[in-house]
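# Residue-level structural notes
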Amino acid sequence: MSAITQLRNPPRRRGMCPGVLAPMEVGDGLLVRVRVPAGVLPAASATRIAGLGRRYGNGLVDLSHRGNLQLRGVAATDMAALIEELRALGYVSEDAESEAVRNVLTSPTAGLDGTAVLDVRPYALALDARLAADRDLHRLPPKFGWLVDGGGQATLFDSSTDVRFDAVAVAVAGAVDGPLFRVGLGGTFAGAALLGHCRPDDLVELVAALARAFLELRQTLAEPPRRMAGLVKTLGVEALRERVAGLLTGPHPSHAAHGPLPSPASQERELQSPPPPSGGGSGWGQTPPTRLFLGPQPFWLGVAFPFGRLDVDRLEALAALTHEIRITPWRALLLAAPQDGAAETATALGGILDHHDIRLKLTACSGVTGCDVGTTDTHADGLAIAGRAAGLLEAVRMVHVSGCAKGCAHPGAADVTLTAREGVYDVALNAAPGGTPWRSGLTPSEAVTAVADLSVEELFRVR
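Let us look at the structure shown here.

## A closer look at the sheet that holds strand β1 (residues 24-26)
Across a sheet, strands are paired by hydrogen bonds formed along the backbone, either parallel or antiparallel in direction. If you walk across this open sheet you meet the 5 strands as β1-β2-β5-β4-β13, and the pairing is antiparallel. Each edge of the open sheet carries a strand with a single partner, namely β1 and β13 (309-311). Between one strand axis and the next, the sheet turns through 30 degrees on average, direction left out of account. As judged from the 3 bridges shared by strand β4 (residues 60-63) and β13, these two strands associate in the antiparallel manner. When the bridges of β13 are listed, D62 appears paired with R309.

## What about unusual backbone geometry?
Even without glycine at this site, R331 takes up a positive phi of about 55 degrees. Turning to its location among the elements, R331 is positioned in the loop between β14 (324-327) and β15 (332-336).

## Quick look at the sheet that holds strand β16 (residues 362-364)
The 5 strands are arranged β16-β17-β18-β19-β20 in an open sheet whose pairing can be described as mixed. With partners counted over all chains shown, the strands left at the sheet margins are β16 and β20 (439-442), one partner each. For this sheet, the mean inter-axis angle between neighbouring strands, taken without regard to orientation, is 20 degrees. Pairing of strand β17 (residues 399-402) with strand β18 (residues 414-421), which is carried by 4 bridges, proceeds in the parallel orientation. Note on β18: the bridge partner recorded for V401 is L418. Taken strand by strand, helix α12 (residues 444-453) contacts β18, β19 (424-431) and β20, and its axis lies near 150 degrees from that of β20.

## Things to note about the pattern of salt bridges
Taken as a whole and assessed by the stated rule, the structure comprises 22 salt bridges. The salt bridge partner of D128 is R102, with a shortest N-O separation of 2.5 Å. With D128 in helix α4 (residues 121-133) and R102 in the loop between α3 (96-101) and β6 (104-106), this residue pair connects regions lying 26 residues apart in the sequence. Residue R102 is classed as buried on the basis of its relative accessible area of 2%. Taken together, the shared-partner salt bridges in this structure form one network comprising R130, D134, D136, E205 and R212.

## Thoughts on the environment of D354
Relative to the helices and strands, D354 is located in the loop between α9 (342-348) and β16. Residue D354 is classed as partly exposed on the basis of its relative accessible area, which comes to 42%. Of note is the side chain of D354, whose polar atom sits 2.9 Å from the backbone nitrogen of H356.

## Description of the nonpolar core
One finds W146, F165, F181 and L240 to be the most contacted residues of the largest nonpolar core, which totals 43 residues. Among the elements of the structure, α4, β7 (146-149), β8 (161-172), β9 (175-187), β10 (193-198), α5 (203-218), α6 (228-235) and α7 (237-244) are those that each provide at least two residues to this core. It is α5 that contributes the most residues to this core, 10 residues altogether. Residue contacts for L240: discarding those within four places in its chain leaves L185, L195, L210, A213, F214, L217, M228, L231 and V232. Judged by nonpolar contacts, the second largest core, of 40 residues, contains F305, L315, A343 and L353.

Calculation criteria
Each chain carries its own residue numbering, running from 1 in the direction its sequence is written. Given that this is a predicted model, residues contribute local features only at a pLDDT of at least 70 and side-chain atom pairs are listed and counted only at 80 or more, while totals for whole chains, interfaces and linings are drawn from all residues. Water and hydrogen atoms were dropped before computing side-chain values, which therefore reflect all heavy atoms in the structure. Following DSSP output, two strands are said to pair if at least two bridges run between them. Working definition: helices are DSSP H or I runs of at least four residues, strands are E runs of at least two. Numbering for both runs from the N terminus. Axis angles are defined between N-to-C directions and span 0 to 180 degrees, where every axis is a line fitted to C-alpha atoms and, for a helix, only to the segment in contact. Residues are treated as being in contact if the distance between any of their heavy atoms lies within 4.5 Å. The term salt bridge refers to a pairing of a side-chain nitrogen on Lys or Arg with a carboxyl oxygen on Asp or Glu at a separation within 4 Å. Under the scheme applied here, a residue whose accessible area is under 20% of the maximum for its type counts as buried, over 50% as exposed, and between as partly exposed, the area being computed with a 1.4 Å probe on protein chains only. Distance and chemistry together define a polar contact, namely a pair of N or O atoms within 3.5 Å, with one atom able to donate a hydrogen and the other to accept it when in protein, and with adjacent residues in sequence counting only for side-chain atoms on both sides. The nonpolar core is taken to be a set of buried Ala, Val, Leu, Ile, Met, Phe, Trp, Tyr and Cys residues, with the residues joined through side-chain atoms within 4.5 Å.

In structure tokens, the structure reads:
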């Protein structure tokens, strides 16, 4: 079962379904997030969802950094009908509480990649089901996240979350003992505090134990943290390890005799995703689609779109090229075992297949076309920068066009950040939205020109 993201304790709005579903209200209507468990979306379901977006929304579909689909422009009066349709497809949970905690990020190539340590789909689905069914866990903060990564050629090594399970093959005395899950708390693979290791079959029970430990320990603090990293920083990892020790197995973090664990980043892959520009996390603006050939035909085809946005017609057309679509946290889609000619068709649809395409260096929120606080057309301005600043984009990691200082698309620092206010932009270098401007009060055309005229040498000099 999958679901639509809901807000905890949402305000009641006319025409909606209080207590059941509370989609986000934005400038172009209601934004409905459709969760895709384990990131696996059958082509038939993609086609049905495209039809719902056409019937009840404005036809636009966004891909989120958490591996979800977002239907835009839904009218409040159509919510009840949309919910019933999604429920019939199995994409709606029973209540808002279970929806709020089902934040599970999964390897997008699980079951497709023969170089992976483990096919993690069954474990991710079991985790999703436990979070939905166990009411004790519904007390977790709404954004508390879990990650299940099987390794291989498209790992989630740089994705940051609260609790991560990374499949590793641990060698003990020269023999492979595993696979096991390496359990990390609060961060990326490299940055998370290492809790220990668990057997795959113990993952779900360990999740429940860790969640309860987090909830209990955070209440002992004057200011209860909402994320695991905050709790670990305050109390240390040992406080949690003591409570779940019976579910841990394999090499203990302090047992140096076992040697270092293999890193997913060290495994061969044709595409090396660059690290996030600020502090880790999957919420960065880059979208590296993968197009990997593991035999005479591609096992999957990666397709991205500028700013992670497509429409229902394109989603429907892509679904016709495969039996299954995988949703990635890089705001791209993977077509599993695509049909002959799929690459040409995807390109004709406006898809980006080349991970060197400079448009993937741009990130932007919806701006005035989809947000009630936006005052500039962020997507149009971003594409204008791509058309005039190719040299700069080739040299940087990210240029961010933000509709306001909140930085919803990317709250961290980027090489170049344009922050809109009342129809003009402030341009900052190596800064987050709202940072100290390098140029201020520029019209959209002036801002595009300023970025196009910015030399790489000047940008690096500011650093």
